[in-house]
Amino acid sequence: GSEALSDFDYYISIAEKRLHSAGVAIHIVNEHSFQIRTGKKTVSYLPKKNEIGYYFIGPGKEPHIEHDVMTDEDILDAARKYFGITIR
């Protein structure tokens, strides 16, 4: 519900600056579907209704999805693992 969305907004706002500093772009989407373009390829995603999640998408990698609200440290850990980068 709205509490989960509030928690999502809170934790992503904390993680956002550190992710940007590491070269990771963040797009917050509150839609029934969305498309991501990497290179010449466009992929469509259709999350479940009222699902909160994090879609990690990188060139040449299969997308990785984390479901439910994560803390800022969990978001950063997932990004480190997926992208294979250091995030300070």
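Everything that follows concerns the structure shown earlier in this document.
Since we're looking at a predicted model, the values are computed, not measured.

What follows is about helix 1 (residues 2-21). Taking 1.5 Å of rise per residue, the 20 residues of helix 1 would be expected to cover 28 Å, and the 29 Å separating its terminal C-alpha atoms lies within 8% of that figure. By the largest-angle criterion, A15 marks the main kink of helix 1, which is about 35 degrees. Among all positions of helix 1, only F8, I12, A15 and L19 are buried. Its buried side turned inward, helix 1 meets strand 3 (53-56) and helix 2 (72-83).

Inspection of the entire model under this criterion finds two salt bridges. D77 is the salt-bridge partner of R80, the closest N and O atoms lying 2.7 Å from each other. Linking R80 with D77, this pair stays in helix 2, spanning three residues, or about one helical turn. Exposure remark for D77: the relative accessible area of 33% places this residue in the partly exposed category.

Let us look at the packing of aromatic side chains. Summed over all chains, the structure comprises eight aromatic pairs. Relative to Y55, the ring of F34 lies with its centre 5.1 Å away and its plane at 85 degrees, an arrangement referred to as edge-to-face. Here F34, found in strand 1 (residues 34-38), pairs with Y55, found in strand 3; they are 21 residues apart in sequence, far enough to count as distant. Taking the relative accessible area as the measure of exposure, F34 reaches 15% and is therefore buried.

All right, on to the nonpolar core then. Among the nonpolar cores identified, the biggest contains 16 residues, and I12, L19, Y54, F56 and I75 are the most heavily contacted of them. Of the residues forming this core, the biggest block, five residues, is contributed by helix 2. Once you skip the residues sitting within four places of it in the chain, I12 turns out to touch I26, I28, Y54 and I75.

Moving on to the environment of L76. With respect to the helices, strands and loops of the structure, L76 is situated in helix 2. Classification of L76 by relative accessible area gives buried; the value is 0%. Through-space distance from the C-alpha of L76 to that of E16 is 9.1 Å; in sequence the pair is 60 residues apart.

Calculation rules
- Residues numbered from 1 in each chain as written.
- Predicted model: local features only at pLDDT ≥ 70, side-chain atom pairs only at ≥ 80, totals over all residues.
- Heavy atoms only, no water.
- Helix = DSSP H or I, 4+ residues; strand = E, 2+ residues; numbered from the N terminus.
- Expected span 1.5 Å × (residues − 1).
- Bend = angle between axes of the 7 residues up to and from the residue.
- Buried < 20%, exposed > 50% of the residue type's maximum accessible area, 1.4 Å probe, protein only.
- Contact = heavy atoms within 4.5 Å.
- Salt bridge = Lys/Arg side-chain N within 4 Å of Asp/Glu carboxyl O.
- Phe/Tyr/Trp six-rings, centres within 6.5 Å; stacked < 30°, edge-to-face > 60°.
- Core = buried A, V, L, I, M, F, W, Y, C linked by side-chain atoms within 4.5 Å.

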